[in-house]
Amino acid sequence: MSIEKTYDPSAVETRLYERWEKSGAFACDVHSKKEPYCIMLPPPNVTGSLHMGHALINTLQDILIRFQRMKGKDVLWQLGTDHAGISTQLVVERQLAAQGLDRREMGREAFLKRVWAWKEESGGTITKQLRRLGASGDWSRECFTMDEGLSRAVTREFVTLYNEGLIYKDKRLVNWDPKMLTAVSDLEVESKEVKGHLWYFNYPIEGSDEWITIATTRPETMLGDTAVAVHPENEKLKHLIGKQVKLPLVGRLIPIIGDDYADPEKGTGAVKITPAHDFNDFEVGKRHNLPMINIFDQHAKLNEEAPQKYRGLDRFVARKKIVEDMEALGLLDKIEDHIHAVPHDEKTKTVVIEPFLSEQWYCDVRGMADQAVKAVREGKTQFVPKQWENTFFAWMEDIRPWCISRQLWWGHQIPAWYGSDGKVFVAESDEEADTQAEKHYGKKTALTRDEDVFDTWFSSALWPFSTLGWPDKTPELARYYPTDVLMTGFDIIFFWVARMMMMGLHFVGDVPFRKVFISALVRDEKGQKMSKTRGNVIDPLDVIEKYGCDALRFTLANLSTPGRDIKLSASRIEGNRNFVTKLWNAARFCQMNGCEWIEGFDPYKVMGDPNAQTTNKWIIHSLRHEWSLITSCLEDFRFDLASSRMYGFVWNIFCDWYLELSKPILSGDDEKAKRETQETVAWVLGQIFHLLHPVMPFVTEELWGKFTGSTDMLMTRAWPDYSNDVKDFEAVDEIEWLISLVNDIRTVRAELNVPAGAQIPLQVKGASDETKARFERHAAIIARLARLSGVTHVDAVAKGSAQSVLGEATLILPLAEIIDLDSERARLKKEGEKIAAEIKKLDAKLGNKDFIDRAPPEIVEEQRERRAEAEAILARLEAAQKNLAG
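Residues numbered from 1 in each chain as written. Predicted model: local features only at pLDDT ≥ 70, side-chain atom pairs only at ≥ 80, totals over all residues. Heavy atoms only, no water.

When you go through the protein residue by residue, the secondary structure sums to 30 helices and 28 strands. Counting only C-alpha atoms and orienting by the principal axes, one finds that the protein spans roughly 110 × 65 × 55 Å. The buried share of the protein, taken over its 886 residues, is 53%. Contacts in the protein between residues far apart in sequence, at least 24 positions, make up 77% of those at least 6 positions apart. Accessible area of the protein: about 40,000 Å², with a carbon and sulfur share of 48%. (Helix = DSSP H or I, 4+ residues; strand = E, 2+ residues; numbered from the N terminus. Buried < 20%, exposed > 50% of the residue type's maximum accessible area, 1.4 Å probe, protein only. Contact = heavy atoms within 4.5 Å. Areas by Shrake-Rupley, 256 points an atom, 1.4 Å probe, with all protein chains shown as cover.)

Among the nonpolar cores identified, the biggest contains 140 residues, and Trp618, Phe639 and Phe654 are the most heavily contacted of them. Broken down by element, the residue count for this core peaks at twelve residues, all from helix α22 (residues 639-666). Excluding residues that lie within four positions of it along the chain, Phe639 makes contacts with Leu60, Ile63, Leu64, Met487, Phe517, Ala557, Ser560 and Leu634. If you look at the next biggest cluster of nonpolar residues, it comprises 63 residues, including Val159, Trp457, Tyr481 and Met501. (Core = buried A, V, L, I, M, F, W, Y, C linked by side-chain atoms within 4.5 Å.)

With respect to the helices and strands, the residue Glu702 is situated in helix α24 (residues 697-708). On the basis of relative accessible area, Glu702 is assigned to the buried category, the value being 8%. Once residues lying within four places of it in the same chain are set aside, the contact partners of Glu702 are Val12, Arg15, Leu16 and Trp584.

Moving on, we come to unusual backbone geometry. Put simply, Val384 and Pro385 share a cis peptide bond, and its omega is -5 degrees. Cis geometry is adopted by the peptide bond preceding Pro482, which originates at Tyr481 and carries an omega value of 0 degrees. Residue placement: Pro482 occurs in the loop between α15 (475-480) and β21 (483-489). Of note in this structure, Leu181 is not a glycine but carries a positive phi near 60 degrees. Unlike most non-glycine residues, Asn289 shows phi in positive territory, near 55 degrees. Along the polypeptide, Asn289 turns up in the loop between α8 (279-288) and α9 (315-328).

On to the sheet that holds strand β12 (residues 332-345). One open sheet holds the three strands; their spatial order is β7-β6-β12, and the pairing between them is antiparallel. Each end of this open sheet is capped by a strand with a single partner; those strands are β7 (211-216) and β12. The mean inter-strand angle of the sheet, taken between neighbouring strand axes irrespective of direction, is 20 degrees. (Pairing = 2+ DSSP bridges. Axes fitted to C-alpha atoms, helices over the stretch in contact; angles between N-to-C directions.)

For the rest of this paragraph, the subject is the pattern of salt bridges. The tally for this structure, following the rule as stated, stands at 64 salt bridges. Each of Asp733, Glu734, Glu770, Arg774 and Arg777 takes part in a single network of salt bridges with overlapping partners. (Salt bridge = Lys/Arg side-chain N within 4 Å of Asp/Glu carboxyl O.)

This part takes up the packing of aromatic side chains. Applying the stated criterion across every chain yields a total of 42 aromatic pairs. Taking the centre distance of 6.2 Å and the plane angle of 25 degrees together, the rings of Tyr168 and Tyr362 count as stacked. With a gap of 194 residues between them, Tyr168 in strand β4 (residues 167-177) and Tyr362 in strand β13 (residues 354-363) connect regions that are remote in the sequence. Grouped by ring-pair contacts, the aromatic residues Phe158, Tyr162, Trp361, Trp402, Phe454 and Phe458 constitute a single cluster. The side chain of Arg172 reaches across the aromatic face of Tyr362, ending 5.6 Å from its centre. (Phe/Tyr/Trp six-rings, centres within 6.5 Å; stacked < 30°, edge-to-face > 60°. Lys NZ or Arg CZ within 6 Å of the ring centre and 35° of its normal.)

Before going further, it helps to spend a moment on the sheet that holds β4. Two pairing modes exist for strands in a sheet, parallel and antiparallel, and in both the strands are linked by backbone hydrogen bonds. Sheet architecture is open: four strands sit in the order β5-β4-β13-β15, paired in antiparallel fashion. Edge positions in the sheet fall to β5 (182-184) and β15 (402-403), since each has one partner strand and no second. Judged from the three bridges that link them, β4 and β5 form a sheet pairing that is antiparallel. Note that in β5 the partner of Asp177 across the bridge is Thr182.

This part is about the packing of helix α18 (residues 549-558) against α24. At their nearest, the axes of α18 and α24 sit 7 Å apart, and the two run at 125 degrees to each other. By the criterion of interaxial angle, the relationship of α18 to α24 is oblique. Contact with α18, carried on its side by Cys549, Asp550 and Arg553, involves Pro697, Phe698 and Val699 of α24 and no other residues of that element. Across the contact of α18 with α24, the residue classes tally to four nonpolar, no polar and two charged. (Parallel < 35°, antiparallel > 145°, perpendicular 65-115°, else oblique. Nonpolar A, V, L, I, M, F, W, Y, C, P; charged D, E, K, R; others polar.)

A few words on the pairing of strand β1 (residues 36-40). For β1, a buried count of four out of five residues is recorded, marking the element as mostly surrounded by other parts of the structure. The pairing of β1 with strand β2 (residues 74-81) spans five bridges and is classified as parallel. Bridging from a neighbouring strand, Tyr37 pairs with Val75 of β2.

Written out as structure tokens, the structure reads:
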């Protein structure tokens, strides 16, 4: 089948993906005798759409999946989506609001029907987009966190932990969303810097004419103050410890306490303590057994705990009123402009989150956290890069009880029921709860179910084993758990990775994954975080439409250097689109020159033939070398190095050198040499398709079919195995000598501005007999590739020549009649001085400790790279000056 002149990704990608999916090649086989290999897709929110972070993490996962599938393993890439409690409920509530409807008026059952209808209609957007990216997961096993089986697993999790005494209800401070009327996790809170104020209030000391001055950004919370804290060693204020102040506007007497939380060097040195409305104050309150007075209702309006005149006011209206009243009392000392971080809801970024004292369900995870830390320290689960283990340890060793309840309707409803006296019954079903209640009360009793749902992360924590059938003991659970690799972002190491570790160890008895690969953050080309407000978001679907999926995948893989964020630019993607084109054109050239794929071609036969072409032995040796390195890089998650080696081998070695060196043979009259070269070219190209396929699946699959004529799918073929030595160091030495020779001459020509069309003579001094023989064997190709008029061997260097040393020989290019030598010397000197000055500036910057300490690590590294590049340029310029003989 002939290869078209140009490659059109849009005409190929959908067709090939449909073929792959329909073939069943993505599916695992639980009864297979092959070694299992499993990756769990971090389930994207059902409300989500593909962004560049998704594109990165899913590209890397798919590379591993395709690689391991080709290596002969029974591969399971478990796919699915998360119900995303708050996000989904917010989407549907907005739709209802646009229609003038409110969920509370509708009722829970009717609202949930609307959510399920929305999910069926619009919830599959991101799974369609994952297909567009080439994700080769097992769609037949696709899960949703609210599927019946997964819901049963969540219920079992809660009931088990409750019966073990690890789940309980408590009244504690939570992040409260007064718009959605629910507790939210730290991950759902986004701190935004705002221009606010710092109000300084004077609190009168009881029985004295003194007062103590406090500063606050939230005057309204003063109504809930239950103490003022100063540091025990604060020389100016410690004499006040033990006294009381009369809380203005309220009249309540509150103590002045000594606590390390009050920083003597910060503000006035005194801190108002409001345990019910500040997380730090809550801890101070617990230490000193202070009352916790909640002055807000769930809408963040002042409640009955506030003085009558403020009740029912919105918190920000109350703030203004309280400041006016404090000023009227003469207790407002001063107001300062103040920029500070204010917590907002992560979804809309418009609602200010309120620390709120609320009764919630909690899970005591301290013991489970210790087991997870132990597993990582013992190497049962390894983080890649390793430094992320420290982040894991820091979070886990400072872990607190986990608030697992949310005041939403969309999600897994908590399986707890209450009797009329408040007695709680936790069970896996209504019937079981009724039975418990009848046993407790001695008669059938009406129960009311808890209206709250679980934190989304509570169900996601079970993902590695609930998707495999747990709590049942299924063949899938026995075969694929523990999974091999988890790939995710650093921001959810605690929220998701840690919780999966804890639950996997607790319920299944083993870690959920052997390795955790933490991906980089994708930034724009200037290193800035992508955001809609900056206008620098790169949409992966737009990129795929413009450049093709393979170009995007290859770019993301190539930029995935461990420990470094990705700076993504359109020019990089365009450059890799050119790489796709280069491969396509190379395959077309090979086909047009009679290079036909032969199934069963034996490279060992070529290597063992003393009369075989040196170029063919060299390329087979080189391919084996690259295969070994690429394989190792993929196994070690070095996607950057693997893709770089792929690029270098295809573009530089195969296209630029092997095909160029083979052209005279392919167009020559030696039929035996031609046939051997055609077969070798075809075989090597076929191996290239195999090696590139995990990273660039579409173009390689398309070329495989068109070039080989095979009906087999490339994605199901075996990964190459050249474990037997395929080496010929003599051939490698000779061809690498030839490449070095041509490169040296090309470098001299370029650096000295020799006209591209000028054919110049080459003189060689001091060549050995073997080197002379090489010149003779490759005379024609040397002359063509280096644009030489001829080669002669001499005993002296002519005046006005450029020189270069290759091995024992000196290469001499007489240029006096071709270029202005004096002008070139002057130009090289001037350029060298300019580069030397730049290096001096970079050295000064890199030698500045203040710069090293303050600048982001990626900026420091960028400066070091610039210096290394400048130094390399300077070395080349100095070499060019030296080589230009007088």
